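# Structural characterization, general
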Amino acid sequence: MAKETKKESQELTVEQKLSTLYQLQTTLSKIDEIKTLRGELPLEVQDLEDEIAGLKTRIERIKAEVAELKTSIAGKKVEIEAAKVSVAKYKEQQENVRNNREYDFLSKEIEFQTLEIELCEKRIKEFTAQEQEKSAEAEESAKTLEERQKDLEVKKNELDEIVSETKQEEERLRDKAKDLETKIEPRLLQSFKRIRKNSRNGLGIVYVQRDACGGCFNKIPPQRQLDVRSRKKVIVCEYCGRILIDPELAGVNMEPKEEPAKEKPLRRRRSADAE
């Protein structure tokens, strides 16, 4: 099958190749128009999806930090209760001491446990403040996430609506483009695609307009114009590299240029006196 396609492409005349190539150009331009109709929506949808994924990760991280802070607060409360029990025990022991040495030792232990309670209470205040700050941050991120999800839903609906309207047409055009590509020899097709890729307007083949290239609008020498009209070989613009064809092959009727009317020179009439 591949051999038959290759053979068919080789049997085409230069004129047929150029005509097929221009049909391909027209088809691809229509596909580009459909993509333009979608505009920046696909990119906007992708950006929103990335932002939403980032917000979800951020919220999960903040929640983990809040949970860790709560665990730390609970741990400090347990330490406070343990220290209070120790203080109560040491005070009870002070009532039954036998000498000053034991009393001083217990007093120092009570002082140490009291300082531990104060330190734990200080840490609890710090952890509580951090927890409140993180919780507020998580709440703000959750609101932003909800807004972004709504924006994403709207953008997706817009994109889906445009895609549904243009899907069948785009598929038809793509099938047509593939069919046309099989009729063009690979080397010419590859050159055309390379030129088209490097062109700002996506045009790889253009017709001559008013003695100039239809892509870069530089003047084309008369002899080169004759070569284009003869359709005997593939001619490219020496400035932009686009493939050139004549308007008739592209199905375009160029109106003849209107040359400005030449004014007739005025003859001076000799006066009667001079005669």
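In this text, all values refer to a predicted model and were calculated from it rather than measured experimentally.

## A look at the overall build of the chain
Helix and strand counts for the chain stand at 6 helices and 3 strands. A total of 275 residues make up the chain; the buried ones form 29% of that total. The contacts in the chain between residues at least 6 apart in sequence include a share of 73% that link residues at least 24 apart. Accessible surface, the chain as shown: approximately 20300 Å² in total, 48% of it carbon and sulfur.

## Here's the deal with the nonpolar core
Leu 21, Leu 24, Phe 192, Ile 205, Ile 243 and Ile 245 are the most contacted members of the largest nonpolar core, which has 21 residues in total. Those elements giving two or more residues to this core turn out to be α2 (14-38), α4 (100-182), α5 (186-198), β1 (205-207) and β3 (243-245). When residues of this core are assigned to their parent elements, the largest contribution, 7 residues, is made by α2. Once you skip the residues sitting within four places of it in the chain, Phe 192 turns out to touch Leu 21, Leu 24, Gln 25, Leu 28, Gly 204 and Ile 205.

## Re unusual backbone geometry
The backbone of Phe 217 shows a phi angle near 65°, a positive value even though the residue is not glycine. As for its placement among the helices and strands, Phe 217 is situated in the loop between β1 and α6 (222-230). On the accessibility criterion, Phe 217 (57% relative accessible area) is exposed. Even without a glycine there, the phi angle at Arg 231 is positive, about 55°. Looking at where Arg 231 falls in the secondary structure, it is placed in the loop between α6 and β2 (235-236). On the accessibility criterion, Arg 231 (15% relative accessible area) is buried.

## Concerning the packing of helix α3 (residues 41-94) against α4
Helix-helix packing is described using two parameters, namely the angle between the two axes and the distance between the axes. As a packed pair, α3 and α4 sit with axes 6 Å apart at the nearest point and diverge in direction by 165°. The orientation of α3 with respect to α4, classified from their angle, is roughly antiparallel. Our pair here, α3 against α4, has a crossing hand that is left-handed. Looking at the contact of α3 with α4, its residues break down into 28 nonpolar, 13 polar and 23 charged.

## Regarding the pattern of salt bridges
Counted according to the given criterion, the structure contains 22 salt bridges. The salt bridge partner of Arg 196 is Asp 32, with a shortest N-O separation of 2.4 Å. In this pair, Arg 196 sits in helix α5 while Asp 32 sits in helix α2, placing the two residues 164 residues apart along the sequence. Residue classification places Arg 196 among the buried residues on the basis of a relative accessible area of 16%. A residue is classified by how much of its surface remains accessible, and Asp 32, at 28% relative accessible area, is partly exposed. Its salt-bridge partner being Arg 123, residue Glu 126 comes within 3.4 Å of it at the nearest N-O pair. Taken together, the positions of Glu 126 and Arg 123, both in helix α4 and 3 residues apart, correspond to about one turn of that helix. You can call Glu 126 partly exposed: its relative accessible area is 31%. Classification of Arg 123 as partly exposed rests on a relative accessible area of 29%. Three or more residues joined by partner-sharing salt bridges are found here, namely Glu 15, Arg 231, Asp 246 and Glu 248.

## A word on the sheet that holds β2
Ordered by their spatial adjacency, 3 strands build an open sheet running β1-β3-β2, and the pairing between neighbours is mixed. Each edge of the sheet is formed by a strand with only one pairing partner; in this case those strands are β1 and β2. Sheet topology places β2 next to β3; 2 bridges connect them, and they run antiparallel. Among the inter-strand pairings, Ile 235 is bridged to a residue of β3, identified as Leu 244.

## Points about the confidence of the model for the chain
Per-chain confidence: the chain averages 86 in pLDDT, with 88% of residues scoring 70 or above. Counting contacts from residues 1-9, a segment whose pLDDT is below 50, to residues more than four positions away or on other chains yields 7 contacts. Contacts of residues 269-275 to residues separated by more than four positions or lying in other chains number 1 contact, the stretch itself having pLDDT below 50.

What counts, and where the lines are drawn
- Each chain has its residues counted from 1, following the order in which its sequence is written.
- Totals for whole chains, interfaces and linings use every residue, but because this is a predicted model, local features are given only for residues with pLDDT of at least 70 and side-chain atom pairs only at 80 or more, for both listing and counting.
- Side-chain descriptors were evaluated using all non-hydrogen atoms of the structure, hydrogens and water having been removed beforehand.
- Helix numbers and strand numbers start at the N terminus; a helix is a DSSP run of H or I with at least 4 residues, a strand a run of E with at least 2.
- The buried label goes to any residue with under 20% of its type's maximum accessible area, the exposed label to any with over 50%, and the partly exposed label to all in between, with areas taken from a 1.4 Å probe on protein chains only.
- Between two residues, a contact is recorded if the distance between any of their heavy atoms is within 4.5 Å.
- For every accessible area listed, the method is Shrake-Rupley and the probe measures 1.4 Å; residues are considered covered only by the protein chains on display.
- To define a nonpolar core, start from buried Ala, Val, Leu, Ile, Met, Phe, Trp, Tyr and Cys residues and group those joined through side-chain atoms within 4.5 Å.
- For every element, the axis is a line fit to its C-alpha atoms; helices are fit only across the contacting stretch, and the angle between N-to-C directions ranges from 0 to 180 degrees.
- For classification purposes, an angle smaller than 35 degrees is called roughly parallel, one larger than 145 roughly antiparallel, one from 65 to 115 roughly perpendicular, and anything else oblique.
- With the far helix as reference, a near helix turned anticlockwise by less than a right angle produces a left-handed crossing, and one turned clockwise produces a right-handed crossing.
- Ten residue types, Ala, Val, Leu, Ile, Met, Phe, Trp, Tyr, Cys and Pro, are classed as nonpolar, four, Asp, Glu, Lys and Arg, as charged, and the remainder, Gly among them, as polar.
- When a carboxyl oxygen of Asp or Glu lies within 4 Å of a side-chain nitrogen of Lys or Arg, that pair is called a salt bridge.
- Pairing between strands requires that DSSP locate at least two bridges from one strand to the other.
- You can read pLDDT as the predictor saying how much it trusts each residue, on a scale of 0 to 100.

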